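# Summary of structural features
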Amino acid sequence: MNIATARDHIARIGGLLFERRLTDAAGGNISMRVGDVLCMSPSYSGGKRQWRLEPDRVLVVGMDGEKLEGEGQISREANVHLRLHEEFCDYGTAVIHAHPRNLLVFAALEEPVPPVLEANLKFGEIRCVPYAPAHSPELAENVAAGIRGQEVKVREQAYGVIAPWHGLFLMGKDLDAAFDAVERIDTNARTILLARMSGQGERVEEKRRALLGSVEASGKEH
Ligand SMILES: [Zn+2]
């Protein structure tokens, strides 16, 4: 993977996140490590560019947070990206911060998202980290602490945490794996919400416990 390919990939994934309502105009950002630099979506990719990024707008940033190439400003959420790439560089190469439409309900309620579909068993429960204001150094610390201990999930595909009142921060082994995980996690959140809205909230929870029991009994890994 070279820098040109990474910038192109970030631009494409940003468009898909927006199109599929996995993030919104208010926010989200994407980064990918290539060698000893990061390629990162610029500030206001949603608010000012509606996630229609030309690849050369994707920034190239040093691991110290200094911009090396590209137009536009570094995202205010870059400190979370830098922190995760620094601490978990042996496990993953891509970070997505997103405001997925269905998951935001759980973020607003400060509520974790348990897996209710087989496709999500590999992530386990998506937990909330303690609240810290957007763009604060505390947020970066809390997100890193939330991913710590789940590094194997990052290496296998991805792991993410919910920042209360805000959204999702997720690290993946690569950008495709990270995008796939964001979509699976939001679909899982939507499934729980629709079950609750149709009066089946308790049933989906009972089913979840029963299915987890069957998975454990079968001893298979998912
Ligand atoms: Zn955000």
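Our structure is the block above this text.
Residues numbered from 1 in each chain as written. Predicted model: local features only at pLDDT ≥ 70, side-chain atom pairs only at ≥ 80, totals over all residues.

### As for the pairing of strand β1 (residues 29–34)
- The buried fraction of β1 amounts to five of the six residues, a majority that puts the element mostly inside the structure.
- Across four bridges, the pairing between β1 and strand β5 (residues 94–98) is antiparallel. Each bridged residue has a counterpart across the sheet, and for S31 the counterpart in β5 is V95.
- Where β1 folds back on strand β2 (residues 37–40), the antiparallel hairpin that results is connected by two residues, among which G35 adopts a positive phi of roughly 65°. (Buried ≥ 20, exposed ≤ 12 C-beta atoms within 10 Å, placed from the backbone. Helix = DSSP H or I, 4+ residues; strand = E, 2+ residues; numbered from the N terminus. Pairing = 2+ DSSP bridges.)

### Things to note about the packing of helix α6 (residues 175–197) against helix α7 (residues 201–218)
- Viewed as axis vectors pointing N to C, α6 and α7 meet at an angle of 130°, and their least axial separation amounts to 6 Å. Viewed along their axes, α6 and α7 adopt a mutual orientation that is oblique. Along the contact surface, α6 presents I192, A195 and R196, while α7 presents G201, R203 and V204.
- Of the residues belonging to the contact of α6 with α7, the class tally is three nonpolar, one polar and two charged. (Axes fitted to C-alpha atoms, helices over the stretch in contact; angles between N-to-C directions. Parallel < 35°, antiparallel > 145°, perpendicular 65-115°, else oblique. Contact = placed C-beta atoms within 7 Å. Nonpolar A, V, L, I, M, F, W, Y, C, P; charged D, E, K, R; others polar.)

### Things to note about α6
- Taking 1.5 Å per residue, 23 residues should reach 33 Å; α6 reaches 33 Å between its end C-alpha atoms and fits that length.
- If you check which residues of α6 are buried, you get L175, A178, F179, A181, V182, I185, D186, N188, A189 and I192.
- One or two steps after α6, the chain reaches G199, where phi turns positive at roughly 80°. (Expected span 1.5 Å × (residues − 1).)

### Focus: α7
- For α7, with 18 residues, the first-to-last C-alpha span of 26 Å sits near the 26 Å given by 1.5 Å per residue.
- Burial analysis of α7 places just zero of its 18 residues in the buried class, a small minority of the element.
- Once α7 ends, the next one or two residues include G219, with phi positive near 70°.

### Observations concerning the pairing of strand β7 (residues 167–172)
- Among the six residues in β7, six count as buried, and that is most of the element.
- As paired strands, β5 and β7 are joined by five bridges and run antiparallel to one another. Looking at β7, one finds that A98 is bridged to L168.
- The pairing of strand β6 (residues 158–163) with β7 spans six bridges and is antiparallel. Residue pairing for β7: A158 is matched across the bridge by G172.
- Between the antiparallel neighbours β6 and β7 lie three residues, among them W165 with a positive phi of about 65°.

### Observations concerning the sheet that holds β5
- Reading across the sheet, the seven strands line up as β4-β3-β2-β1-β5-β7-β6 and stay open at both edges, with antiparallel pairing between neighbours. In this open sheet, the two strands that pair with only one neighbour each are β4 (67–69) and β6. Neighbouring strand axes in the sheet, compared pairwise and without regard to direction, differ in orientation by 25° on average.
- The sheet contacts of helix α1 (residues 3–19) involve β1, β2, β3 (59–62) and β5, and relative to β1 the element is tilted by about 160°.
- Against the sheet, helix α4 (residues 137–147) engages β6 and β7, with an angle of about 135° to β6.

### Here's the deal with the environment of M171
- Mapped onto the elements of the fold, M171 is located in strand β7.
- Sequence separation of M171 and A181 is 10 residues, and the distance between their C-alpha atoms is 9.2 Å.
- Excluding its chain neighbours within four sequence positions, the residues that come into contact with M171 are L84, F88, G92, A94, V95, I147, V154, A158, Y159 and A178.

By themselves, these observations are geometric and do not establish any function.
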